[in-house]
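# Observations on the three-dimensional arrangement
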Amino acid sequence: DVLVFAGDTRTIADMINAETRLVLSQVGMFAKKSHTEVVEVVISQNSTLIAKTVREAGFRGKYDAAISQLKKQMQSGKPSIKIMAMLAPLYQNQKDFKAAARLYQQLVAKQPNLGQNWMGLATNLDALGDHGNALKAYRRALQLGLSSTALQKYADERMRKLAQQAEVNSGT
């Protein structure tokens, strides 16, 4: 298996020890370069990380590089759309729906014609229980178009359920 590590790679040296049995790949591009920044780590078949999720291994708590680096870049002035677009789904994966929704709101303000930003906003508002605004965001995402039929089906289904829920709540 290959564990992709994003962000500050200085902490990778902490991971390379006998206890974790992680080794750096010595094949492909690594074998040919005299100096290479680490972009992957191979987990040996005897590693204590086998059959553990990232959470179970405590990886994220120890090596929270991607999120911390993106947060620093967000706080260092005017954040780029690219940074916001990378950080928003990371917050969503952490179930920090409020932070993700804030970023998606900024993204839809900066890129109002991008369906994926509206979809991100919709799913996070939905998770926060803001169903009225989630419904509007799902509708806008579908109007603009989404990258896959699976996303389109999901948005259609959520819109149907939210509309039904709104009817029940309004008593009509």
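This write-up is about the structure you can find in this document. Computed from a prediction, not measured in an experiment: that's the story for all the values here.

## Observations concerning the nonpolar core
Counting 25 residues, the largest nonpolar core has Tyr-91, Leu-103, Trp-118, Met-119, Leu-121 and Tyr-138 as its most contacted members. Among the secondary structure elements, those contributing two or more residues to this core are helix H5 (81–93), helix H6 (97–110), helix H7 (115–127), helix H8 (131–144) and helix H9 (149–170).

## Concerning the packing of aromatic side chains
All told, the structure shown has 1 aromatic pair when counted by the stated rule. Between Tyr-138 and Tyr-154 the ring centres are 6.4 Å apart and the planes differ by 70°, which places this aromatic pair in the edge-to-face class. Taken together, the residues span a long stretch of sequence, with Tyr-138 in helix H8 and Tyr-154 in helix H9 at a distance of 16 residues. Judged by relative accessible area, Tyr-154 falls into the partly exposed class, the value being 41%.

## Some remarks on the packing of H8 against H9
Contact pair H8 / H9: the axes reach a minimum separation of 9 Å and the direction vectors enclose 145°. You can see that H8 and H9 cross each other, and the crossing is left-handed. Of H9, the residues touching H8 (which contributes His-131, Ala-134, Leu-135, Tyr-138, Arg-139 and Leu-142) are Gln-152, Tyr-154, Ala-155, Asp-156, Arg-158, Met-159, Leu-162 and Gln-165. Residues belonging to the contact of H8 with H9 are distributed by class as follows: 8 nonpolar, 3 polar and 3 charged.

## Some thoughts on the pattern of salt bridges
Inspection of every chain in the model, using the stated rule, returns 3 salt bridges. Ionic pairing is found between Asp-126 and Arg-158, a salt bridge with its closest N-O pair at 2.7 Å. With a gap of 32 residues between them, Asp-126 in helix H7 and Arg-158 in helix H9 connect regions that are remote in the sequence. A salt bridge links Arg-160 to Glu-157; the nearest nitrogen and oxygen atoms lie 3.1 Å apart.

## Digging into the packing of H7 against H9
Geometry of a packed helix pair, given as the angle between the helix axes and the separation of the axes. It is at 12 Å that the axes of H7 and H9 come closest, and there the two elements cross at 40°. One element, H7, and the other, H9, form an angle in the oblique class. The way H7 lies across H9 gives a crossing that is left-handed. Between H7 and H9, the residues in contact are Met-119, Thr-123 and Asp-126 and Leu-151, Tyr-154, Ala-155, Arg-158 and Leu-162, respectively. Across the contact of H7 with H9, the residue classes tally to 5 nonpolar, 1 polar and 2 charged.

Definitions and cut-offs
- Residues numbered from 1 in each chain as written.
- Predicted model: local features only at pLDDT ≥ 70, side-chain atom pairs only at ≥ 80, totals over all residues.
- Heavy atoms only, no water.
- Core = buried A, V, L, I, M, F, W, Y, C linked by side-chain atoms within 4.5 Å.
- Buried < 20%, exposed > 50% of the residue type's maximum accessible area, 1.4 Å probe, protein only.
- Helix = DSSP H or I, 4+ residues; strand = E, 2+ residues; numbered from the N terminus.
- Phe/Tyr/Trp six-rings, centres within 6.5 Å; stacked < 30°, edge-to-face > 60°.
- Axes fitted to C-alpha atoms, helices over the stretch in contact; angles between N-to-C directions.
- Left-handed = near helix turned anticlockwise from the far one by under 90°.
- Contact = heavy atoms within 4.5 Å.
- Nonpolar A, V, L, I, M, F, W, Y, C, P; charged D, E, K, R; others polar.
- Salt bridge = Lys/Arg side-chain N within 4 Å of Asp/Glu carboxyl O.
- Parallel < 35°, antiparallel > 145°, perpendicular 65-115°, else oblique.

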